[in-house]
Amino acid sequence: MVLYGASGRLLLLSLLVVALTPAQGSPSCTQPSCREALVAALVPGPCEGGQGGTGSCKTLQADAPRRMEPRHDISQSQTKTGAKERLVQLQRCMRSLQETQGPWSVGPQEGSLGAILSLMAAVLTECDLHCHSQALGAMARRLESAAVGREGEKDLLLFLQSITQQNPTVPPLERLHPKDCSEIFRLGIKENGIYTIQPDRTGPAFEAKCDMEAAGGGWTVVQARHDGSLDFNRTWHEYREGFGGPSGEMWLGNAALSALTATGQHQLRIELEDWHHQKRHATYSNFRVASEAQRFRLMAKEYSGDAGNALSYSKRYNHDGRPFSTNDRDNDRYANGNCGLYYGAGWWFDACLAANLNGHYHRGRYSGVTNGIYWGTWYILTDGRTGERYSFKRVEMKTRPRDFPGMS
């Protein structure tokens, strides 16, 4: 059954409250200042008493939810006050849960998640969504999605955690999800997987693959190649927006890369595997992708690793500091043509390349145009004896904040 609109959403939330409220309640939420303040107290608010806001907005009992008629004449300042007070209570109770039960975790055996969702539903069913800020309205939509199945609970929990990290005297910010995989790691979730992130608090959220194991974890995967199932000969727009999916081959998108690295200092880790199961990596501890206005210019400095520094190979083939080029947008330094068009890939070409990890997926050695997945400081571009080129079997590019190992 699919429910639409505010009334349908509130009905679904009410049913979820009944289903998820523990019989005895969470041991951390038994004091009036915590659970009862969220579920049963009367809080001054704008929902009754006319436009002047002199009445009370009744908190609905979790075991007997009711829907109050919406009002459309509530000022923006009035809506923020009640929502903020309820959020402070939710924050306090979730912090109490976290202190009592240790690091956050998600699983069918966790009773705390049910308690958290129940408390959140109590906040949201206090009165109609018109009594809440835009951020709390988005919370309701996330809860509605999570109610469909357990798949959504992990994203919802991450979202709740990101809100409760704020000081309880401060209302929630526009960003409703963790910025990147490093923030998810810091929240205590250290399993590889696909998570919802939001690098720009005013921009959209999207799914990303998180590597929580390699070199300490916390990596947001921005590119993946492993079977040749996806064509990387794409336009400027496609590289800007991203293509593929986090569970397979993919390019996260230049706009996302720019947002991920816009503030602070970041690392880039490149992992390569050849067709003989040999693996090497290259790490750049000073990594950034500029905005589209700067043509997504690459900064990749302070190399370490065992694959060689192919991004700063020579004066003529230096990808560091170069803007991005595609088959329909020529930003390279090759005067006689378009490197992106000739090699069939989007990349930070110079004139033209010592590395091209978005090249065509060849299965090992190949002949013809040197358009494969290439990293020139491990395998030479051309075998002088046979004339063959070499393309890698697997490659991943991933990023995280530079100071990640020192984070608490």
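Please refer to the structure placed before this passage.
Definitions and limits used
Residues numbered from 1 in each chain as written. Predicted model: local features only at pLDDT ≥ 70, side-chain atom pairs only at ≥ 80, totals over all residues. Heavy atoms only, no water. Helix = DSSP H or I, 4+ residues; strand = E, 2+ residues; numbered from the N terminus. Buried < 20%, exposed > 50% of the residue type's maximum accessible area, 1.4 Å probe, protein only. Contact = heavy atoms within 4.5 Å. Pairing = 2+ DSSP bridges. Salt bridge = Lys/Arg side-chain N within 4 Å of Asp/Glu carboxyl O. Phe/Tyr/Trp six-rings, centres within 6.5 Å; stacked < 30°, edge-to-face > 60°. Disulfide = S-S within 2.5 Å. Core = buried A, V, L, I, M, F, W, Y, C linked by side-chain atoms within 4.5 Å.

Participant: A description of the overall build of the protein should follow, citing residues and the corresponding values.
Facilitator: The secondary structure content of the protein amounts to ten helices and 15 strands. Burial status across the protein gives 52% buried among its 408 residues. Put simply, of all contacts in the protein between residues at least 6 apart along the chain, 58% involve residues at least 24 apart.

Participant: Explain the pairing of strand 8 (residues 266–273) residue by residue, including any values.
Facilitator: It is a general feature of regular strands that their side chains alternate between the two faces of the sheet. When you tally the buried positions in strand 8, you get eight out of eight residues, the bulk of the element. Neither face of strand 8 is exposed, since His266, Leu268, Ile270 and Leu272 on one face and Gln267, Arg269, Glu271 and Glu273 on the opposite face are all buried. In this structure, strand 8 lies alongside strand 9 (residues 279–289), joined through seven bridges in antiparallel fashion. By the bridge assignment for strand 9, isoleucine 270 is matched with alanine 282. Note that strand 8 and strand 15 (residues 394–401) share eight bridges and pair antiparallel. Paired with glutamine 267 across the strands is arginine 400, a residue of strand 15.

Participant: Got a sec to walk through the pattern of salt bridges? Specific residues and values, please.
Facilitator: Side chains that carry opposite charge are capable of pairing whenever their charged atoms lie near each other. Within this structure, the stated rule accounts for 13 salt bridges. The salt bridge partner of arginine 402 is glutamate 302, with a shortest N-O separation of 2.9 Å. On the criterion of sequence distance, the pair formed by arginine 402 in the segment after strand 15 and glutamate 302 in strand 10 (residues 298–305) is long-range, its members being 100 residues apart. Note on arginine 402: relative accessible area 29%, which makes it partly exposed.

Participant: Which residues make up the packing of aromatic side chains, and what values go with them?
Facilitator: Tallied over the full model, the rule gives 17 aromatic pairs. Aromatic side chains tyrosine 239 and phenylalanine 243 sit 5.0 Å apart centroid to centroid with 85° between the ring planes, which places their arrangement in the edge-to-face category. Since its relative accessible area comes to 0%, tyrosine 239 is described here as buried. Judged by its relative accessible area of 7%, phenylalanine 243 is buried.

Participant: Now, about the pairing of strand 5 (residues 219–225): what can you tell me, with residues and values included?
Facilitator: The element strand 5 is extensively covered by neighbouring structure, given that seven of its seven residues are classed as buried. The pairing of strand 4 (residues 206–211) with strand 5 spans two bridges and is antiparallel. When the bridges of strand 5 are listed, aspartate 211 appears paired with tryptophan 219. Examined bridge by bridge, strand 5 and strand 15 share five bridges and lie antiparallel to one another. Opposite valine 221, over in strand 15, you have lysine 398 as the bridge partner.

Participant: Could you give me a rundown of the state of the cysteines, with the residues and numbers involved?
Facilitator: Scanning the entire structure with this criterion turns up two disulfides. Here cysteine 181 pairs with cysteine 210 through a disulfide, and the sulfurs are 1.9 Å apart. Sign of the S-S torsion, about -75° for the bond between cysteine 181 and cysteine 210, identifies this disulfide as left-handed. Taken together, the residues cysteine 181 in helix 7 (residues 181–186) and cysteine 210 in strand 4 connect sequence positions 29 residues apart. With respect to burial, cysteine 181 and cysteine 210 carry one shared label: buried. Paired through a disulfide, cysteine 339 and cysteine 352 show a sulfur-sulfur distance of 1.9 Å. Its S-S torsion of about -80° marks the bond between cysteine 339 and cysteine 352 as left-handed, since a negative value means left-handed.

Participant: Go over the nonpolar core, please, and point to the residues and values.
Facilitator: Within the largest apolar cluster, 57 residues are counted, with the highest numbers of intra-cluster contacts made by Ile270, Leu311 and Trp375. It is strand 9 that provides the largest number of residues to this core, a total of four residues. Among residues more than four places away in sequence, those in contact with isoleucine 270 are Arg280, His281, Ala282, Tyr284, Leu311, Leu357, Trp375, Val395, Glu396 and Met397.

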